[in-house]
Amino acid sequence: MPEVQLGAHTIRSHGVKVAKKHMHDWLILLLLGVMEIVLNVIEPFHRFVGQDMMTDLQYPLKDNTIPFWAVPIIAILLPFAVILVYYFIRRDVYDLHHAILGLLFSVLITGVITDAIKDAVGRPRPDFFWRCFPDGKGVFDNITTNVMCTGDKSVIKEGHKSFPSGHTSGSFAGLGFLSWYLSGKIRAFDRGGHVAKLCYVFLPLLIAALVGVSRVDDYWHHWQDVFAGALIGTTVASFCYLQFFPPPYDMDGSWGPHAYFQMLAESRNGLQSDMNTNSLSVRQTELDTVYVESQSQVETSRLNTRETSAILDGSRSGMTR
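Where an unreviewed UniProt entry is consulted, the protein appears under the name Lipid phosphate phosphatase 2, with the organism given as Tripterygium wilfordii. UniProt, in the comment section headed Subcellular location (unreviewed entry), describes the protein in these words: "Membrane". The protein has a UniProt comment under Sequence similarities (unreviewed entry) that states "Belongs to the PA-phosphatase related phosphoesterase family."

What follows is the structure, encoded as structure tokens:
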């Protein structure tokens, strides 16, 4: 496992750098948010609902046990709080940034997939009869026996969005990601045999499952809608987590995201490169010094030779006289 530098990369020291490096990812998140809004605004497919089909669609119209505004709290804010607590323990902005990015991608991708299928399928909810006929008096086409709804248009529109369950898929997307995150941080698969760790891992999934059960109990969804929503949310959460983090059973799985270890590797390579450059520079300096000293010795030798030749020439001239 690479050497881990605790507290060396905080929001203040590296936050802007990390965010800029992943600017395109944040732009894609923004695009996914726009797509989610559009999918909620457009009219879903109005599937044929005959008179004889109303037998299974006459469950009472009830309020949501878990309202729509509570889903972002469960799927986003709750995992975010756990991720933030871990940041204050480790002080690693790479882990914080990629955990938030992975969480948001998980929830938004799941939302886009879920709402796209909702609009395309247009399956009526179990309480569709009372949405279509709030006065309890059914009106059907004389030829096709298709429903001729007399209720509020917005309520009827929502009644055609049963499959799959958005509450369930969103909860499993956010809390499923949290389960992956916790399993890595507490080393749930370290082969130590501590079952208590699995309890922490399964707790978010239990909460998500209870959200799904509430949708059936409120007669807003059929059980198949909830099952499909859970499958979509869990699958997307798994892909998003493994996109940013090593598997929980990996040796590096508890320390940080892939980008953290890439940064450490680049830092070591850069340090090694600087050391090699400095070493080459020192060697070149030594060679230059040796060359200068060699040239100096050559010049000195030449001067000595010239002086010796002059003395010999002078001696020969004196003898000749």
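Still to come is the rest of the account.
*Asks:* Lay out the overall build of the protein with the relevant residues and their values.
*Replies:* The helix and strand inventory of the protein stands at 10 helices and 0 strands. Moving toward the C terminus, one meets the helices and strands of the protein in the order α-α-α-α-α-α-α-α-α-α. Taken over 321 residues, the protein has a buried fraction of 40%. Counting contacts in the protein only where the partners sit at least 6 residues apart, residues at least 24 apart contribute 81% of the total. Carbon and sulfur atoms form 64% of the exposed surface of the protein, whose accessible area is close to 18700 Å².

*Asks:* Can you explain the state of the cysteines? Please cite residues and give values.
*Replies:* The full count for this structure, using the stated rule, is 1 disulfide. The disulfide partner of cysteine 132 is cysteine 149, and the gap between their sulfur atoms is 1.8 Å. Judged by the sign of its S-S torsion, about -105 degrees, the bond between cysteine 132 and cysteine 149 is left-handed. Placement of cysteine 132 in helix H5 (residues 128-132) and of cysteine 149 in the loop between H5 and helix H6 (153-159) is noted, with a sequence separation of 17 residues between them. You can call cysteine 149 partly exposed: its relative accessible area is 30%.

*Asks:* Pulling in residues and values, what's your account of the environment of valine 216?
*Replies:* Summarising the element assignment, valine 216 is placed in helix H8 (residues 195-217). Accessibility expressed as a relative area gives 29% for valine 216, which makes it partly exposed. Along the primary structure valine 216 and proline 126 are separated by 90 residues, whereas in three dimensions their C-alpha atoms are 8.9 Å apart. Not counting residues within four places of it along the chain, the set of residues in contact with valine 216 comprises His221, His222, Trp223 and Val226.

*Asks:* I'd like a description of the packing of helix H3 (residues 70-90) against helix H4 (residues 93-121), backed by residues and values.
*Replies:* In contact at an axis separation of 10 Å, H3 and H4 are set at 170 degrees when each is read in the N-to-C sense. Taken together, the axes of H3 and H4 are roughly antiparallel relative to one another. The residues of H4 that touch H3, namely those facing Ala75, Ile76, Pro79, Phe80, Ile83, Leu84, Tyr86 and Tyr87, are Val93, Asp95, Leu96, Ala99, Ile100, Leu103, Leu104 and Val107. Here the contact of H3 with H4 is built from residues that sort into 15 nonpolar, no polar and 1 charged.

What counts, and at which threshold
- Residues numbered from 1 in each chain as written.
- Predicted model: local features only at pLDDT ≥ 70, side-chain atom pairs only at ≥ 80, totals over all residues.
- Heavy atoms only, no water.
- UniProt positions renumbered as here; feature names shortened; annotations may be inferred.
- Helix = DSSP H or I, 4+ residues; strand = E, 2+ residues; numbered from the N terminus.
- Buried < 20%, exposed > 50% of the residue type's maximum accessible area, 1.4 Å probe, protein only.
- Contact = heavy atoms within 4.5 Å.
- Areas by Shrake-Rupley, 256 points an atom, 1.4 Å probe, with all protein chains shown as cover.
- Disulfide = S-S within 2.5 Å.
- Axes fitted to C-alpha atoms, helices over the stretch in contact; angles between N-to-C directions.
- Parallel < 35°, antiparallel > 145°, perpendicular 65-115°, else oblique.
- Nonpolar A, V, L, I, M, F, W, Y, C, P; charged D, E, K, R; others polar.

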